[in-house]
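Understanding the architecture of this molecule
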Amino acid sequence: MMCFGISSRGEISNSTLTPQKHQQQEALGKITGRITAPGNCNWFENMGYEVKLYDSGWNLVQTQSTGIFEEYWLCYYDYTFENLSPGTYYVWARAWGRLWQLYGPSYLWNKPWRPAYYPGVLRSTNATPITVGEGQTVNVSFSLPYTTYILIGTNPPNAYSVIVDGNSYPTPKYFEWTEGDVHTIGVEEYYENPDSTR
């Protein structure tokens, strides 16, 4: 664009103006999905969920939670993390609940599911990174590992110890294991019956 001006001496001059470039603001993205608590969730009351979002450096970015003891029999939780800059993220989640019928070991009441990272793994080193592009919505849904409670005992009870994964425990002893876990179980001493059973 040409611009004309008049000096104090009445002379006309012209110059060219360079238009300014307006910096565009990047479109922000979001991560949305569903966290599922597998198993018969109808056995549990006062259920709740917490979901955390981390950046590529494992810095906490956002947190969402249903609060403590807010819902009954809530078998899943839908979450959304908004206003995310393009980059790499990780999602972690946990769920809790209390058995509706009070049976089984007391510590089962509050932690039947293991906290996990997407896509349902227990360790952060195995977590799958989530890439969010400019203005992109990414769906990240997964199920939490269900805790299996194993009771190991001897006959007669309390008479002997068991060796689990190389460690000795008095019996009876409860263990919290997850599907896919591999463990070794042995005894410190045993008796062999006439029919060769132990």
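Residues numbered from 1 in each chain as written. Predicted model: local features only at pLDDT ≥ 70, side-chain atom pairs only at ≥ 80, totals over all residues. Heavy atoms only, no water.

When helices and strands are counted, the protein shows zero helices and 16 strands. Contacts in the protein between residues far apart in sequence, at least 24 positions, make up 63% of those at least 6 positions apart. When the accessible surface of the protein is totalled, it reaches about 13000 Å², and 49% of it is carbon and sulfur. (Helix = DSSP H or I, 4+ residues; strand = E, 2+ residues; numbered from the N terminus. Contact = heavy atoms within 4.5 Å. Areas by Shrake-Rupley, 256 points an atom, 1.4 Å probe, with all protein chains shown as cover.)

Taken in spatial order, the three strands line up as β14-β13-β16 in an open sheet, and their pairing is antiparallel. Of all strands in the sheet, those bounded by a partner on one side alone are β14 (167–170) and β16 (185–187). On average, each strand axis in the sheet is inclined to that of its neighbour by 35°, with strand direction left out of account. As paired elements, strand β13 (residues 161–164) and β16 share three bridges and run antiparallel to each other. Within β16, the residue paired with V164 across the bridge is I185. (Pairing = 2+ DSSP bridges. Axes fitted to C-alpha atoms, helices over the stretch in contact; angles between N-to-C directions.)

Further remarks concern the environment of V164. Note that V164 resides in strand β13. Put simply, V164 and G186 are 22 residues apart on the chain and 6.4 Å apart in space, counted from C-alpha to C-alpha. When neighbours within four sequence positions are excluded, V164 is seen to be in contact with I152, Y169, F175, W177 and T184.

Quick look at the nonpolar core now. I31, Y79 and V91 are the most contacted members of the largest nonpolar core, which has 24 residues in total. Mapped by element, the contributors of at least two residues to this core are β3 (29–36), β4 (44–55), β6 (76–84), β7 (87–99) and β9 (130–132). Contacts of V91, omitting those with residues within four sequence positions, involve I31, V51, K52, L53, Y79, A116, Y117, Y118, I130, V140 and F142. (Core = buried A, V, L, I, M, F, W, Y, C linked by side-chain atoms within 4.5 Å. Buried < 20%, exposed > 50% of the residue type's maximum accessible area, 1.4 Å probe, protein only.)

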